[in-house]
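Here are the chains, one letter per residue:
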Amino acid sequence: MTAGGADGPGAPPEGPASTVDGWRDPANAWRDPATAWQGDGAPPRSSGPEGLVSLISDNWPRADAGLQITGGGAIAVDTDTLRTTATAFTMAEAELSAIDLRLGALQNMLLGTWHDTGEVVAAASALGTRLRETQAEATGIAEALREAAAVYEVVELDTALRAAVAAGDADAVARLDARRTDLLSRYPEAGGRAVLAAFDRGIMWPGELVRQGTQWGVGVGGTFSEPGAVWGGLVVGLGAVGGTALVGIAGTGLVSRDARLTGTAGPVTVTAVAPEGMSGTRSGVAPGAAAAGGAGQAAPTSWRPPAAVAPRSLAAASRIPGDGAARVRVEKYTMADGSTQFALYIAGMQSSDVAGGDDPWDNESNLQLYSGQMSDSYVATQAALAAAGAEAGDAVHVVAFSQGAMIGSHLAVEGGYDVQTLVSLGSPVEADVGAGTLSVAIRHTDDPVAGLAGGGAMDGVGAPGSFVAERVYDPATAAEDATLPAHRLTAYAETAALVDASGDPRVAGVQAVFDDLGRAASVEVSEYAAVRGGG
C-alpha cells in the first residue's frame, strides 16, 4: 500500500551486490569503522550488546528457501492426498507380500537340488529378506502418512469448530466435535501434534520480517552510537514480533465469508479513459454506466480478437493500472453461448493522503477497508464494473494488488458477483472465499504490508487447486528497506513470472481459466479513472 508509481517508489538500483552477514554492500567493500553506516555497507561488529543483538538477528530462522507454493495456512498438504498415498503404500506392501510368498515356494522347490542351485537359493533368500524389510518400511510409511493426515485434519477441525462456536451453530459444533473425538480415539497423539503445528506456524510465519527488522534497526541505530544500534535492533525487532502477534491474534487480516463492509461511502465519479497500449479504440456507451455512489461515462473500448487480449499467465499482473489515470481495468468477454465473463484488474494505493483527497485510492481507503468499512475505492470499483456492463451474478475474475486486493476480497464474499477467480498480490488481507472461487495469493515474506494478513487463514481457502505462493523478495538488509521495495507491483510481477515458470500443477488451473477466456467470441476492454465527489 505504498505510494508512488506502481504502488511504491522507484525500483531499487540495479547491478551486482554482495552481502556480509545479511547486510547489503553494493560496493563490495567495508566502510571505515569511523564512518557512520549509510545503508550500503555492513556496520562494524561489536562483542558487546550490539554484537549479541546482531548475533540473534543473524541466526533467527531464515525463510529464504526460494519460491514456496503451498495450499496455504498451517496445512500445506492435502489430507486426502496423504491418505491416498498411504493406501498406495499399503497396496504395495500387499503386492510385496505376495511376491515373497511365491519366492518362498520357489526356495522350497530349489532346496531339493541344493548341490546344483545353492547360489540361486542363497540369492533368493537374500531377496526374501530384503522384500520383508521393504514390506515393513511400506507399512511404516503408510501409517506415518495416516497419522500426519490425522494431525492436519485435527487442525482443520479445530479451525472449523472455532468458527462454528463463533457463529452459534450448535449442530455444526456437535458434528465437528464427534468427528474430532473419533479421530483422536484412533490417533491419540494427533491432538498434541496439531497444537504444536498451529503454534509453530503462529511463531514462524513472520520470521523473515523479524530478522530483517532487527538487522535494519541495528544498522539505523548504529548511525548514532553503539547503544543506539542495540536499542534500534531491540525496538524494531520486538516491534515486529509484537505487531505480527497482535495481527495474528486479532485476526484483522482475515475476511470471513460472512464479512460485510459497514457504513457508507461516495459519491465518486468514475470516468472512462482510453486503455493504455491499445490501438484502434472506439467509443461506445457501456450499459449500466451509473452505479450507486458513482457516475459512469461513455466507455472507450477496444475490440480485438479474444485470444490476443485474454491473459496467458499470471504475468497478467502487469495489466493492473499503475502510473496513469486509470484505477480499474475491465475486460468483458462475450462467450459463444452469449454469456459474459469479466476480467477485473484493480490498482493498489496511489495517494498517501489520509484525510480524503481527490483520489479514492489513498490511505483513508486503506484504513477503511482493513477495518471492515466501506471505502470510496470500493464504490468506484463497483461503478466501473457496472459501467463496463457487469450485472449481479456475472462471472468475474479478479487480479488485484495491495488495496485493490482488499477490494477484490470483499467483492468475492459480498459483492453480488460470481467471483470465480481471485488473484491477489501483496494483499494485506486473505478472504475465506468459498469452494466456487479459485484463490491464488502471491506474497513476499519480507513485505510488511502482506504481513498485515497475519500469515493468512489457518487452513486453506477457496476451490480445489487454490494456492499460496511465497518467497523472500530480498533477504539482504539496507537503508532502502524503509521504502518497502518488497511491496512494489514490479516486484510482485517478478514473483508472478516465477510462479508461471515453476511447473507446479496447480498453476495449470489458473491457465485453464485464461484459456477459457481466450475462446470468447468477442472482447471489450475499458479502463476507468475515479475521483471523489459527484462530478
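Going by the structure above, here's the rest.
Below you will find a few notes about this structure. (Residues numbered from 1 in each chain as written. Predicted model: local features only at pLDDT ≥ 70, side-chain atom pairs only at ≥ 80, totals over all residues. Heavy atoms only, no water.)

**Some thoughts on the overall build of the chain**
This is how it is decided: Runs of H or I in DSSP of at least four residues are treated as helices and runs of E of at least two as strands, each being numbered from the N terminus. Only protein chains enter the calculation, and the probe is 1.4 Å; a residue is then buried if its accessible area is under 20% of its type maximum, exposed if over 50%, and partly exposed in between. Contact definition: two residues touch when any of their heavy atoms are within 4.5 Å.
Along the backbone of the chain there are 14 helices and 16 strands. Across the 535 residues that make up the chain, the buried fraction comes to 47%. Expressed as a percentage of contacts within the chain between residues at least 6 apart in sequence, the contacts between residues at least 24 apart total 74%.

**Some thoughts on the packing of helix 10 (residues 376-387) against helix 11 (residues 403-414)**
Applicable threshold: Only the contacting stretch of a helix is used when fitting its axis, a line to C-alpha atoms as for every element, and angles between N-to-C directions run 0 to 180 degrees. For classification purposes, angles smaller than 35 degrees are called roughly parallel, those larger than 145 roughly antiparallel, those between 65 and 115 roughly perpendicular, and all remaining angles oblique. By definition, any crossing whose near helix is turned counterclockwise from its far helix by less than a right angle is left-handed, and any crossing with a clockwise turn is right-handed.
Interaxial distance between helix 10 and helix 11 falls to 10 Å at its minimum, and their mutual angle equals 65 degrees. The pairing of helix 10 with helix 11 is recorded here as roughly perpendicular in orientation. Crossing of helix 10 against helix 11: the hand is right-handed. Together, Ser377, Tyr378, Thr381, Gln382 and Leu385 of helix 10 and Gln403, Ile407, His410, Leu411 and Glu414 of helix 11 make up the contact between the two elements.

**Notes on the packing of helix 9 (residues 363-370) against helix 10**
Test applied: Gly counts as polar in this scheme, as do all residues outside two lists: the nonpolar Ala, Val, Leu, Ile, Met, Phe, Trp, Tyr, Cys and Pro, and the charged Asp, Glu, Lys and Arg.
Interhelical geometry of helix 9 versus helix 10 gives an angle of 90 degrees and a closest axis separation of 8 Å. Here helix 9 lies roughly perpendicular to helix 10, going by the angle between them. Contacts from Ser365, Gln368 and Leu369 of helix 9 reach helix 10 at Asp376, Ser377 and Tyr378. Taken together, the residues of the contact of helix 9 with helix 10 break down into 2 nonpolar, 3 polar and 1 charged.

**What to know about the side chain of Thr495**
Its place among the elements puts Thr495 in helix 13 (residues 489-500). What makes Thr495 buried here is its relative accessible area of 0%. Setting aside chain neighbours within four positions, we find Thr495 in contact with Leu67, Ile442, His444 and Arg471.

**Structural notes on the nonpolar core**
Grouped burial of nonpolar side chains is what soluble globular proteins tend to show. Our working rule: Side-chain atoms within 4.5 Å link the members of a nonpolar core, which is a set of buried Ala, Val, Leu, Ile, Met, Phe, Trp, Tyr and Cys residues.
Counting 41 residues, the largest nonpolar core has Val330, Leu344, Ile346, Trp361, Val398, Leu411 and Tyr528 as its most contacted members. Among the secondary structure elements, those contributing two or more residues to this core are strand 5 (268-273), strand 9 (328-334), strand 10 (340-346), helix 10, strand 11 (395-401), helix 11, strand 12 (418-425) and strand 16 (522-532). Top element by residues in this core is helix 10. It accounts for 7 residues. Those residues within four positions of Val330 in sequence are excluded, and the remaining contacts are Phe342, Ala343, Leu344, Ala384, Leu385, Ala388, Glu524, Val525, Ser526 and Tyr528. In terms of nonpolar packing, the next biggest core, distinct from the first, is built from 33 residues, Ile442, Ala496, Val499 and Val523 among them.

**Structural notes on the side chain of Ser402**
Convention followed: Polar contacts, as counted here, are pairs of nitrogen or oxygen atoms within 3.5 Å of one another; within protein the pair requires one atom able to donate a hydrogen and one able to accept it, and residues that are adjacent in sequence qualify only if both atoms are side-chain atoms.
In this fold, Ser402 is placed in the loop between strand 11 and helix 11. Here Ser402 falls in the buried class, since its relative accessible area comes to 0%. Looking at Ser402, its side chain comes within polar contact range of the side chain of His487, at 2.9 Å.

**A closer look at empty space enclosed by the protein**
Taking a probe equal in size to a water molecule and rolling it over the atoms shows the remaining empty space. Here is the rule: Two kinds of site are reported from a 1 Å grid over the protein atoms alone, namely cavities, where a 1.4 Å probe fits but cannot get out, and pockets, open sets with protein on both sides within 12 Å along at least five of seven lines, and residues are called lining when an atom falls within 4 Å of a point. Grid points are joined across faces, edges and corners, and a volume is the space filled by probe spheres set on the points.
Under the counting rule described, the total for this entry stands at 3 cavities of 30 Å³ or more. Considered as a void within the structure, the largest cavity measures approximately 60 Å³ in volume. What lines the largest cavity is simply Ser409, Leu422, Ser424, Ser427, Val429, Glu430, Ala431, Ser439 and Ala441. Counting only elements with at least two residues in the lining of the largest cavity, the list comes to strand 12, strand 13 (430-431) and strand 14 (438-444). A class-by-class count of the residues in the lining of the largest cavity yields 4 nonpolar, 4 polar and 1 charged.

**Observations concerning a nonpolar patch on the surface**
As a reminder of what qualifies: Patch rule: a residue counts if its relative accessible area is over 30% and it has no salt bridge; like charges are joined within 9 Å, and nonpolar side chains (Val, Leu, Ile, Met, Phe, Trp, Tyr) within 5 Å. Computed with the Shrake-Rupley method and a 1.4 Å probe, the accessible areas treat only the protein chains shown as cover for residues. Whenever Lys or Arg places a side-chain nitrogen within 4 Å of a carboxyl oxygen from Asp or Glu, that contact is recorded as a salt bridge.
Residues Trp231, Leu234, Val235 and Leu238 make up a contiguous nonpolar surface patch of about 450 Å² in total accessible area. Among the secondary structure elements, Val235 is positioned in helix 7 (residues 226-250).

**Thoughts on unusual backbone geometry**
That bond from Gly266 to Pro267 is cis: its omega, 5 degrees, falls within 30 degrees of zero. Residue position: Pro267 is located in the loop between strand 4 (254-255) and strand 5. A positive phi angle, near 55 degrees, is found at Leu484, a position not held by glycine.

**What to know about the pattern of salt bridges**
Opposite charge on two side chains makes pairing possible when the charged atoms of those side chains draw close. The final tally for this structure, using the stated rule, is 15 salt bridges. Measuring nitrogen to oxygen at the nearest pair gives 3.4 Å for the salt bridge that ties Arg257 to Asp432. Of the two residues, Arg257 is situated in the loop between strand 4 and strand 5 and Asp432 in the loop between strand 13 and strand 14; the sequence distance between them amounts to 175 residues. With a shortest N-O distance of 2.5 Å, Asp376 and Arg532 are connected by a salt bridge. Of this pair, Asp376 sits in helix 10 while Arg532 sits in strand 16, and the two are 156 residues apart along the sequence. The exposure class assigned to Arg532 is buried, which follows from its relative accessible area of 17%. Connected via shared salt-bridge partners are Arg319, Arg329, Glu331 and Glu527.

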